[in-house]
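Structural features, examined
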Amino acid sequence: TEDDKKGITTINPISQSFLAFNSSNQDYTDTQAVAQVFFDSTAQNNANSYDTSTSTFTADIAGNYQFKVQYKYEILNYNNIGDARFVSIKIYKNGSEFDNFTFDLTGTVSGLLNVVTNNYALDGSDEIEVFVVYTESASGTQTLRLLSGASTRFELVQGPTTAVGRNVDLAPIY
């Protein structure tokens, strides 16, 4: 419909929401610095607020936004399952680190990591991206592989309230 192309406004019922995932495995070594995670496919992308070519969410209007990031992973080339290893999921806002979530993966070589962010107060046109850092204590180069498919994803859990569907005080009318 025509409303699909408008994006979110305070009077438009189309809400911003997206669920993006990666279509192929992505490898990150423990020798890399911070690296962007690419979510190049979408299962949904209302209001076209998520750009698969840049893996960037852009807020249409000011408000509170909450995101979920999930990684299904496996560790490749590890020396010992007990080696200390850590993964940080970093949220970037407008090109700078904004939030950080670190997981201790010592003793594990596969699994699922989940982060649901706090509400982020964003202005219209603010951009959100996801980055990763993998560190390992062992010698040699170890690899964190983020597995393809919907289990490795980035999504908008909740965006700003629109005028449609919110509470309305009818008392002044009657």
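Just above sits the structure.
Residues numbered from 1 in each chain as written. Predicted model: local features only at pLDDT ≥ 70, side-chain atom pairs only at ≥ 80, totals over all residues. Heavy atoms only, no water.

1. Some thoughts on the nonpolar core
As a rule of thumb, soluble globular proteins bury nonpolar side chains together. Counting residues in hydrophobic clusters, the biggest one holds 33 residues, and the most contacted among them are Phe-57, Phe-67, Tyr-71, Val-130 and Phe-154. Broken down by element, the residue count for this core peaks at six residues, all from strand β7 (residues 63-76). For Phe-57, the residues in contact, after removing those within four places along its chain, are Gln-16, Phe-18, Ser-49, Tyr-50, Tyr-65, Phe-67, Leu-122, Asp-126, Glu-127, Ile-128, Phe-154 and Leu-156. (Core = buried A, V, L, I, M, F, W, Y, C linked by side-chain atoms within 4.5 Å. Buried < 20%, exposed > 50% of the residue type's maximum accessible area, 1.4 Å probe, protein only. Helix = DSSP H or I, 4+ residues; strand = E, 2+ residues; numbered from the N terminus. Contact = heavy atoms within 4.5 Å.)

2. Comments concerning the packing of aromatic side chains
The final tally for this structure, using the stated rule, is 12 aromatic pairs. Taking the centre distance of 4.8 Å and the plane angle of 80 degrees together, the rings of Phe-98 and Tyr-120 count as edge-to-face. Linking Phe-98 in strand β9 (residues 96-104) with Tyr-120 in strand β11 (residues 120-122), this pair joins segments that are 22 residues apart in sequence. On the basis of relative accessible area, Phe-98 is assigned to the partly exposed category, the value being 37%. Tyr-120 sits in the buried class, given a relative accessible area of 3%. In this structure an aromatic cluster arises from ring pairing among Phe-18, Phe-39, Tyr-50, Phe-57, Tyr-65, Phe-67, Phe-98, Tyr-120 and Phe-154. (Phe/Tyr/Trp six-rings, centres within 6.5 Å; stacked < 30°, edge-to-face > 60°.)

3. A few points about the pairing of strand β13 (residues 143-146)
Sheet analysis places strand β2 (residues 26-29) next to β13, joined by four bridges and oriented antiparallel. For Tyr-28, the partnering residue across the bridge sits in β13 and is Leu-144. In the sheet, β7 pairs with β13 via four bridges, with the strands oriented antiparallel. Its bridge partner being in β13, Tyr-73 is matched across the sheet by Leu-146. (Pairing = 2+ DSSP bridges.)

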